[in-house]
Amino acid sequence: LSRKIGALVVAEGITEESQALATLDLGVDMLQGVFWTAEGGWNSRLDRLAEKHKTFAVEKAKAAGLRVRGFETLLGQLVKSLSGQPIEAAENTLAQFVGAQASIECAFVLDAEGQQVTETVARPDTAFKKSPLFRPARKGADHSLKDYFYLLGDTFVTRYRSEPYVSLATGHLCVTLTALFRDARNSPHVVCLDVPWA
């Protein structure tokens, strides 16, 4: 919100290096607190903090890149499994696939209009938040206004990864990976994978 309105964020009360690193990772612009006044001078603390933050940011970016490539590989495997199959067999294919992949929370298939044509298939060990707000979408649910659906057709891409968001299925932070495929009747469909995002 601060970025969108052009404001800077100041973190106050920073007393130790771990707090400074955590706030920098969150994108805070300025830090304030007794951390800077401790022995050794603020210049040396600033240099050490900058180096640690840079190292952490680079490692975090590398890990995120590996995770995304892994997710895209999974999505490609699932698309291959679903392509050319009767759509009536999709739910069984999803169940086998999701059950074998610890990194997937749930999956479902949409038709060309964004209507869900399978139930949401979740891993047996998926923890769902106990709240009426969070429940997996059912067959027939309308996803046509979800970016992970409409941006596939309208931008001429065949795969898409959403920004992280709180899943209404589980209540966890996730991203949705989507890809186009064609069933046995050559009808276009979209497969959706919800994967945890930490």
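Look up: the structure comes first, before these words.
Residues numbered from 1 in each chain as written. Predicted model: local features only at pLDDT ≥ 70, side-chain atom pairs only at ≥ 80, totals over all residues. Heavy atoms only, no water.

S.K.: In this structure, what is going on with the overall build of the protein chain? I would like to understand it.
M.R.: On a plain count of helices and strands, the protein chain comes out with four helices and eight strands. The helix and strand sequence of the protein chain, counted from the amino end, reads β-α-β-α-α-β-β-α-β-β-β-β. Computed over the C-alpha atoms, the radius of gyration of the protein chain is 22 Å, more than 25% above the 16 Å expected from 2.2 N^0.38 for a compact globule of 198 residues. Judged by the C-alpha coordinates and their principal axes, the protein chain covers about 70 × 35 × 35 Å. (Helix = DSSP H or I, 4+ residues; strand = E, 2+ residues; numbered from the N terminus. Rg over C-alpha atoms; globule rule 2.2 N^0.38 Å.)

S.K.: Help me out: how do you make sense of the pairing of strand 7 (residues 173-182) in this one?
M.R.: Along a regular strand, successive side chains alternate from one face of the sheet to the other. Within strand 7, seven of the 10 residues are buried, leaving the element largely enclosed by the surrounding structure. Here strand 5 (residues 159-161) pairs with strand 7 via three bridges, running antiparallel. Across the sheet, residue Arg159 finds its bridge partner in strand 7, namely Ala179. The sheet contact formed by strand 6 (residues 165-166) and strand 7 spans two bridges and is antiparallel. Residue pairing in the sheet places Val166 in a bridge with Leu173 of strand 7. Count of turn residues in the strand 6/strand 7 antiparallel hairpin: six residues, of which Gly171 carries a positive phi of about 85 degrees. Hairpin connection of strand 7 to strand 8 (residues 188-196): five residues between the antiparallel strands, including Asn186 at a positive phi of 65 degrees. (Buried < 20%, exposed > 50% of the residue type's maximum accessible area, 1.4 Å probe, protein only. Pairing = 2+ DSSP bridges.)

S.K.: Sorry if this is basic, but what is going on with the packing of aromatic side chains here?
M.R.: Each aromatic ring pair is summarised here by two numbers: the centre-to-centre distance and the angle between the ring planes. Under the defined criterion, the tally for this structure stands at one aromatic pair. Between Phe35 and Trp36, the ring centres sit 4.9 Å apart and the planes meet at 70 degrees, which makes this aromatic pair edge-to-face. Judged by its relative accessible area of 17%, Trp36 is buried. (Phe/Tyr/Trp six-rings, centres within 6.5 Å; stacked < 30°, edge-to-face > 60°.)

S.K.: Looking at this structure, how should I read unusual backbone geometry?
M.R.: Negative phi characterises most residues that are not glycine, and trans characterises most peptide bonds. One non-glycine residue, Asn186, lies in the positive phi region at around 65 degrees. Relative to the helices and strands, Asn186 resides in the loop between strand 7 and strand 8.

S.K.: Just checking my understanding: could you explain the state of the cysteines for this structure?
M.R.: One covalent bond between the sulfur atoms of two cysteine residues makes up a disulfide. Within the structure shown, the criterion is met by zero disulfides. There is no disulfide at Cys174, and the cysteine sulfur nearest it, in Cys106, is 7.2 Å away. Under the relative-accessibility criterion, Cys174 is labelled buried at 0%. (Disulfide = S-S within 2.5 Å.)

S.K.: Help me understand helix 1 (residues 17-25), please; the structure alone is not making it clear to me.
M.R.: Note on helix geometry: an α-helix contains 3.6 residues per turn, so any two residues three or four positions apart are oriented the same way. Those residues of helix 1 that sit buried are Glu17, Ala20 and Thr23. Viewed along the axis of helix 1, the buried residues span an arc of 130 degrees, placing them on a single side of the element. Looking at the buried side of helix 1, the elements it contacts are strand 1 (10-11), strand 2 (30-31) and helix 2 (42-82). Following helix 1 by one or two positions, Gly27 has its phi on the positive side, about 95 degrees. (Arc of directions from axis to C-beta. Contact = heavy atoms within 4.5 Å.)

S.K.: Where do I start with the layout of surface pockets in this structure?
M.R.: Any empty space left between the atoms is revealed when a probe the size of a water molecule rolls over them. In this structure, the largest pocket spans a volume of roughly 300 Å³. As for the largest pocket, its lining consists of 20 residues, and the residues nearest its centre are His143, Lys146, Tyr148, Tyr165 and Leu168. Elements represented by at least two residues in the lining of the largest pocket include exactly strand 3 (106-110), helix 4 (147-154) and strand 6. A class-by-class count of the residues in the lining of the largest pocket yields 10 nonpolar, four polar and six charged. (1 Å grid on protein atoms, 1.4 Å probe; cavity = no way out; pocket = protein on both sides within 12 Å on 5 of 7 lines; lining within 4 Å. Points joined across faces, edges and corners; volume = space filled by probe spheres on them. Nonpolar A, V, L, I, M, F, W, Y, C, P; charged D, E, K, R; others polar.)

S.K.: Whenever I open this one, the side chain of Thr170 confuses me. Can you help?
M.R.: Within the secondary structure, Thr170 is located in the loop between strand 6 and strand 7. Owing to a relative accessible area of 0%, Thr170 belongs among the buried residues under this scheme. Side chain to side chain, Thr170 and Glu105 meet in a polar contact 3.2 Å long. For Thr170, the contacting residues outside a window of four places in its chain are Glu105, Thr126, Ala127, Phe128, Lys129 and Phe134. (Polar contact = N/O pair within 3.5 Å; in protein donor to acceptor, adjacent residues only side chain to side chain.)

Treat this as a map of the structure, not an account of what it does.
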